[in-house]
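Secondary and tertiary structure notes
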Amino acid sequence: MSNNSTVQKSNSNQEELNMIRSVKLIGFRGLNLEPYVSAFQLVSNYSSSSGNVNVQNLPRLPVPKLNDTLAKYLKTVRPFLNDDEFTTTTKLVKEFCSQGGVGIKLQNLLEKRAEKHLNWLEEWWLKTAYLEYRDPVVVFSSPGLVFPFRKFHSQNDQLQYAAKTLLAALDYKALIDGNKIPMEMMGKSPLDMAQYKKIFGTCRIPGEKCDQLSFNDSKYVTVCHNNYIFHVDLWGDDNKRLNQDQIVHALKKVIELSKTPTNDAIGVLTSDSRDNWAKAYQALSKDEVNRQSLLDVERSLVVLCLDAPSGLWNRSDKCARQSLAAAQTIHGGGSSSNAGNRWFDKTIQFIVGADGITGLTYEHSPAEGQPIAVLTDFIINYIDQGKSSNESSKSPKEPVKLNFNVNSDVGNMIKTAKSNIDKLVADLELNCFTYDKYGKNFIKSQKLSPDSYLQMAMQYAFYRLHKTPGAHYESAATRMYVGGRTETIRSCSVESIEFAKTMLDNRSAPQDKLKAMSAAVKAHKDYTVQALQGFGVDRHLLGLKLTAIENKMDIPALYSDAGYKRSAHMRLSTSQVACKCDGFMCYGPLVTDGYATCYNPRDNDVNFATAAFVTNPDTSCDKYRKALEQSLQDMHDVLLQTTKAKL
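Residues numbered from 1 in each chain as written. Predicted model: local features only at pLDDT ≥ 70, side-chain atom pairs only at ≥ 80, totals over all residues. Heavy atoms only, no water.

The name an unreviewed UniProt entry assigns to the protein is Choline/carnitine acyltransferase domain-containing protein, from the organism Iphiclides podalirius. Its UniProt record gives the protein a comment under Sequence similarities (unreviewed entry), which states: "Belongs to the carnitine/choline acetyltransferase family." (UniProt positions renumbered as here; feature names shortened; annotations may be inferred.)

Bringing the nonpolar core into the picture now. As a rule of thumb, soluble globular proteins bury nonpolar side chains together. Counting 106 residues, the largest nonpolar core has Phe-200, Val-223, Leu-269, Leu-304, Trp-343 and Phe-350 as the members making the most contacts within it. Per-element accounting of this core gives the leading share, 11 residues, to helix α6 (residues 155-177). Residue contacts for Leu-269: discarding those within four places in its chain leaves Trp-277, Ala-280, Leu-284, Val-410, Met-413, Ile-414 and Ala-417. Core analysis: the second largest hydrophobic core is formed by 46 residues, Val-521, Leu-590, Val-606 and Ala-627 among them. (Core = buried A, V, L, I, M, F, W, Y, C linked by side-chain atoms within 4.5 Å. Buried < 20%, exposed > 50% of the residue type's maximum accessible area, 1.4 Å probe, protein only. Helix = DSSP H or I, 4+ residues; strand = E, 2+ residues; numbered from the N terminus. Contact = heavy atoms within 4.5 Å.)

The strands making up a sheet associate through hydrogen bonds between their backbones, and the pairing can be parallel or antiparallel. Spatially, six strands are ordered β13-β19-β18-β16-β14-β15 in an open sheet, and the strand pairing comes out mixed. Two strands close off the open sheet at either side, each with one partner strand: β13 (428-435) and β15 (486-490). Each neighbouring strand pair of the sheet contributes to a mean axis angle of 20°, computed without reference to strand direction. Two strands pair when backbone bridges link them, and strand β18 (residues 595-601) and strand β19 (residues 606-613) are joined in this way by six bridges, in the antiparallel orientation. In the strand pairing of β19, Ala-596 is matched with Ala-611. (Pairing = 2+ DSSP bridges. Axes fitted to C-alpha atoms, helices over the stretch in contact; angles between N-to-C directions.)

Those places that UniProt annotates as "domain: Choline/carnitine acyltransferase" (unreviewed entry) correspond, in this numbering, to residues 61-630. Between the C-alpha atoms that bound residues 61-630 the distance is 40 Å, and the span itself is 44% helix and 15% strand.

This part takes up the pattern of salt bridges. Per the stated rule, a full pass over the model turns up 29 salt bridges. Notably, a salt bridge pairs Asp-384 with Arg-150, separated by 3.0 Å at the nearest N-O pair. Of this pair, Asp-384 sits in helix α11 (residues 369-384) while Arg-150 sits in the loop between β2 (144-146) and α6, and the two are 234 residues apart along the sequence. Overall, Arg-150 belongs to the buried group, its relative accessible area being 18%. Asp-505 is the partner of Arg-507 in a salt bridge, and the nearest nitrogen-oxygen pair spans 3.1 Å. Residue classification places Asp-505 among the partly exposed positions, given a relative accessible area of 24%. (Salt bridge = Lys/Arg side-chain N within 4 Å of Asp/Glu carboxyl O.)

What follows deals with the side chain of Arg-204. Counting through the fold element by element, Arg-204 comes out in strand β5 (residues 203-205). Here Tyr-130 takes part through its backbone oxygen, which lies 2.7 Å from a polar atom of the side chain of Arg-204. Once you skip the residues sitting within four places of it in the chain, Arg-204 turns out to touch Tyr-130, Leu-131, Tyr-133, Val-137, Asp-211, Gln-212, Leu-213, Arg-274, Asp-345, Glu-363 and Ser-365. (Polar contact = N/O pair within 3.5 Å; in protein donor to acceptor, adjacent residues only side chain to side chain.)

In this structure the tally under the stated criterion is 16 aromatic pairs. A connected cluster of aromatic rings, assembled from ring pairs, spans Tyr-435, Tyr-438, Phe-442 and Tyr-453. Stacked on the ring of Trp-124, the Lys or Arg Arg-113 has its end atom at 3.6 Å from the ring centre. Of note, Lys-151 hangs over the ring of Trp-313, and the distance from its end group to the ring centre comes to 4.7 Å. (Phe/Tyr/Trp six-rings, centres within 6.5 Å; stacked < 30°, edge-to-face > 60°. Lys NZ or Arg CZ within 6 Å of the ring centre and 35° of its normal.)

Walk down a regular strand and you will see the side chains alternate between the two sheet faces. In terms of burial, strand β11 (residues 358-362) is a largely internal element, five of the five residues being buried. What you see with β11 is no split at all: Thr-358, Leu-360 and Tyr-362 on one side and Gly-359 and Thr-361 on the other are buried throughout. Sheet topology note: the β2/β11 ladder contains three bridges and is antiparallel. From the neighbouring strand, Gly-144 faces β11, where its bridge partner is Thr-361. Here strand β10 (residues 348-353) pairs with β11 via five bridges, running antiparallel. Looking at the pairing, Val-352 lines up with Thr-358 of β11. The hairpin formed by β10 and β11 contains four residues between the paired strands, and Gly-356 there has a positive phi angle of roughly 110°.

What follows is about helix α14 (residues 450-466). With 17 residues, α14 ought to run about 24 Å at 1.5 Å a step, and its terminal C-alpha atoms sit 24 Å apart, in line with that. Looking at the residues trailing α14, positive phi occurs at Lys-467, about 55°. (Expected span 1.5 Å × (residues − 1).)

Attention now moves to helix α9 (residues 288-299). Look at α9: 17 Å from first C-alpha to last across 12 residues, which is about the 16 Å you get at 1.5 Å a residue. Measuring from the backbone nitrogen of Val-289 back to the side-chain oxygen at the start of α9 gives 2.8 Å, which picks out Asp-287 as the cap.

This part covers the sheet that holds strand β9 (residues 303-307). The eight strands are arranged β12-β8-β7-β9-β10-β11-β2-β17 in an open sheet whose pairing can be described as mixed. On the outer flanks of this sheet lie β12 (400-401) and β17 (584-586), each paired with one strand and no other. Sheet topology places strand β8 (residues 228-233) next to β12; two bridges connect them, and they run antiparallel. The residue bridging His-231 from the neighbouring strand is Val-400, located in β12. Contacts between α6 and the sheet are confined to β7 (220-225), β9, β10 and β11, with β10 contributing the most and set at about 155° to the helix. Packing against the sheet, helix α7 (residues 244-256) makes contact with β7, β8 and β9, and its axis sits at approximately 40° to β7.

Here the focus is the pairing of strand β14 (residues 472-477). Sheet analysis places β14 next to strand β16 (residues 572-576), joined by three bridges and oriented parallel. Following the sheet pairing, Glu-474 is matched in β16 by Thr-574. Note that β14 and β15 share five bridges and pair antiparallel. In the strand pairing of β15, Ala-476 is matched with Glu-487.

Here we take up the side chain of Asp-451. Here Asp-451 lies in helix α14. An unpaired buried charge is present at Asp-451: no salt bridge exists, and Lys-525, the closest side chain of opposite charge, is 11 Å distant. A polar atom in the side chain of Asp-451 sits 2.4 Å from the side chain of Tyr-599. Leave out the neighbours within four places in its chain, and Asp-451 touches Glu-474, His-524, Gln-576 and Tyr-599. (Lys, Arg positive; Asp, Glu negative; His and termini not counted.)

Below, the discussion takes up the packing of helix α8 (residues 274-285) against helix α12 (residues 408-427). Taken N-terminus to C-terminus, the directions of α8 and α12 make an angle of 155°; their axes are 10 Å apart at the nearest point. Our classification of the angle between α8 and α12 gives roughly antiparallel. Crossing of α8 against α12: the hand is left-handed. Of the residues in α12, those touching α8 at Asn-276, Lys-279, Ala-280, Ala-283 and Leu-284 are Val-410, Met-413, Thr-416 and Asn-420. When its residues are assigned to classes, the contact of α8 with α12 shows five nonpolar, three polar and one charged. (Parallel < 35°, antiparallel > 145°, perpendicular 65-115°, else oblique. Left-handed = near helix turned anticlockwise from the far one by under 90°. Nonpolar A, V, L, I, M, F, W, Y, C, P; charged D, E, K, R; others polar.)

What follows deals with the packing of α6 against α11. α11 packs onto α6 with a crossing angle of 125° between their chain directions and a minimal axis gap of 9 Å. In terms of their interaxial angle, α6 and α11 are classed as oblique. At the point where α6 passes α11, the crossing takes the right-handed sense. Here Tyr-161, Lys-164, Thr-165, Leu-167, Ala-168, Ala-169, Asp-171, Tyr-172 and Leu-175 of α6 come into contact with α11, specifically with Pro-371, Val-374, Leu-375, Phe-378, Ile-379, Ile-380, Tyr-382 and Ile-383. Class assignment for the residues of the contact of α6 with α11 results in 14 nonpolar, one polar and two charged.

Shown next as structure tokens:
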């Protein structure tokens, strides 16, 4: 993958590239996660808490049995191999797990690691999946989340909404700090709530080869307007929280101090490759004024981006508006739009556009999407219900513009970052839409799992378009374990391909189609249950590979085999992020010839956000959307036809 002007990913998927990197120590700054602390040692600039604490007394992430994982692995690679290739892969697997084979040695070493860590994967995963990843966080890692559209008739409307958003976020943070967020459960199993403690105040810090995470608590936010950056206190000198009107007053002052955009858009540097940004960060840090400004952003609670209008209501239909909003929340629309009015390293960036685009961008390192989705619903409910705070400060502070001294070297880096983000923006195709024919209520009425059903619709759509199996990633949360993050659900299966073929065969009877659909949905659901329990394929294989690297052993031939490479080249990168409001999450594809599909299934509709790369001739969001809509209709019709036949 490039770290300069090339903006696409290589054909290897993100996880494959990250797994081969050597393991390095990570620096942590300023963390207090009581009562839910991370499962490994943390270093704090502000207040410290010891690691290796399991306050919720959750079980540890298990190391699956080697033979179980490999048997499952062989089944998942079968759709991508012909008979001869499958014979070769089967032979490699048998050698890998044979007595005296390297697989047994690696398994023993991994089990020993698991004895010493509350979660054997947590630290590795944070480093390999995020902090050592060198492509930009924009598109390739950080999702956007689009809130329901608003119509602002004046600048005051925009600022009132922004103030309400901040007040809602502060109330939500107070619930987190007070340990009042309801414990989430999976069946009878409580889930690790530590991620909720990591979304406010967290900032990613660029470094050469590996970034750091900085965890902070403060009483101010960073506000971006016209590419300028401000410190805005939300508490006064009397330690009282500002009310809505006081926050609006502060935001109006921000706008007065930044009436025209600056070309020295420091924030655009955060959109560049991590190595480029690390060099720029080091160059900026040579100046004391810059160091203090960088530290000020790092320690703030969140970023609020007061964006310029982007033509939302000039778009003719909801789909066009949804796609525009997705672009703004993912990348800001480029250097001539709002991409410089960002700080992409901050875990939460609220976006409030002048013409009604609202939402957030979140840096993915510290948390998955669920805490962000819950935050979204909390904010929307707060605003729609007209909630307000009686608290106010008698001595509010004035906003402070953060100054940056930009020398010629940094100026050139800003130009490079602008060029790179513009290329990336031009290459990302988005098609976001609401499928309104039916939602999860209909699927449930057919006694089918809504998630598995929608996953099989994507498999069917991909096969309809490309006539080949598409390796398919869906994230499964492993938060039933201490420090749990995700496992991969491998949605492409022997059953999913048989289902797609049966549906496309005009000779197939409705009952045959229903049988194939039910088998595919069941296979996906069964894999999902195993993945949620930590018994998937990908994280275990990653652990074995990283064990080899850490112990200076040769990487086994299994990892260079066609079965591994093809099944890990995720041409479909998908995730269900459910929120009750009419919003959705969006992000870029994992591979150059792939699609991203994030979806929010609601009672009577489904919000989809799809993405692909323009420069790849094999993919098209428009064609994929049509195939997906047709697949959903076909599946619906088969269910109705077979139901009528029974009557």
